[in-house]
Amino acid sequence: MVCKVGKDLFGDNYIENFKSSGVSTEFVGQTDRAATGTASIIVNKEGENAIVIVAGANLLLGREELSAAGPAMTGGRVLACQLEISPSVSLQALRTAHRKGVKTIFNPAPAIPDLDPDFYPNSDVFCCNETEAQLLTGLTVASLEDAGRAGLTLLQRGCGAVIVTLGPQGCVVMTPQEPSPRHVPTSAVSAVDTTGAGDSFIGALAFYMAHYPTVPLEEMARRANLVAAVSVQSTGTQTSYPFRKDLPAELF
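This part is about the environment of Val 173. Within the element layout of this structure, Val 173 appears in strand S9 (residues 171-174). Overall, Val 173 belongs to the buried group, its relative accessible area being 0%. Along the backbone, Val 173 and Glu 64 are 109 residues apart, and their C-alpha atoms lie at a distance of 35 Å. Those residues in contact with Val 173 that lie beyond four places of it in its chain are Val 162, Ile 163, Ser 180, Pro 181, Arg 182, Val 184, Leu 217 and Ala 221.

Given below as structure tokens:
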């Protein structure tokens, strides 16, 4: 994990949580110049959420910290980035990893309309939800067909592959070799809290890319769908993510 938190209770708790979850904190910095990033989350009776993010110390992660973490990033199998830190820092990380042959996943969340075009060719997998796809392409995304059109637009910008996630409808997958959108459905479940479902999908996808690199991307997406479907059946964000022991053996 490469990030920055505040010198406060939230920051201390984050670091302890990383350690207890087996996540290296070597490149987790603390600062007294800003509070730890937080999010206010509202969940309705259908399990859908609305989130307000206060980035705080996230935005103080800079190029110096990224350079220090460079050997760790380029020595890994997969790098996942998003936009809760400065976009320029995320892009630098993607460029560094991509140049060294590390597989990259980019999740443009929270989405910004003026995304630097260099994000696309540096993303082996560009993974966004329907709202993010709509903002980035200017196309309406209200159906599987719409998602396919938006995904193809993103693919044409130079991505190695595009996945557009669609909540209970699963996702669509596109690659330059197979540009026709392929719908990957998910299990029908009763959602309690969808907060973090996208992050659950991204985390599972990164796991499969790192540990099962010969599995087709479409199959990785199918498995990631199922992991995310498990997460929405529990409340909370990180607390809803399943451990490997809680998942069917067929996913491995």
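On to the pairing of strand S8 (residues 162-165), then. Residues of S8 alternate between two faces, with Val 162 and Val 164 on one and Ile 163 and Thr 165 on the opposite face, all of them buried. The sheet contact formed by strand S7 (residues 125-129) and S8 spans four bridges and is parallel. Directly across from Cys 127, in S8, lies its bridge partner Ile 163.

In the contact formed by helix H2 (residues 63-74) and helix H3 (residues 87-99), the axes pass within 10 Å of each other and the chain directions differ by 30°. Put simply, H2 runs roughly parallel to H3. As for how H2 packs across H3, the hand of that crossing is right-handed. On H3, the residues touching Arg 63, Leu 66, Ser 67, Met 73 and Thr 74 of H2 are Ser 88, Val 89, Gln 92, Ala 93 and Thr 96. Grouping the constituent residues of the contact of H2 with H3 by class yields four nonpolar, five polar and one charged.

Calculation criteria
- Think of each chain on its own: its residues are numbered from 1, step by step along the sequence as written.
- It should be noted that, the model being predicted, local features are given only for residues of pLDDT at least 70 and side-chain atom pairs only at 80 or more, the latter also being counted only at that level, while totals for whole chains, interfaces and linings use all residues.
- Think of the side-chain values as coming from all heavy atoms in the structure, minus any hydrogens and water.
- A run of H or I in DSSP counts as a helix once it spans at least four residues, and a run of E counts as a strand once it spans at least two, with each numbered from the N terminus.
- For the exposure calls, accessible area comes from a 1.4 Å probe over protein chains only, and a residue counts as buried if that area is under 20% of its type's maximum, exposed if over 50%, partly exposed in between.
- It only takes one pair of heavy atoms within 4.5 Å for two residues to be counted as in contact.
- For two strands to count as paired, DSSP must find a minimum of two bridges between them.
- Orientation is described by lines fitted to C-alpha atoms, with helices fitted over the stretch in contact, and by angles between N-to-C directions that extend from 0 to 180 degrees.
- Working rule for angles: under 35 degrees goes down as roughly parallel, over 145 as roughly antiparallel, 65 to 115 as roughly perpendicular, anything else as oblique.
- Crossing chirality is assigned from the near helix's rotation relative to the far helix, an anticlockwise turn below a right angle marking it left-handed and a clockwise turn marking it right-handed.
- Polar here means any residue outside two lists: the nonpolar Ala, Val, Leu, Ile, Met, Phe, Trp, Tyr, Cys and Pro, and the charged Asp, Glu, Lys and Arg; Gly therefore counts as polar.

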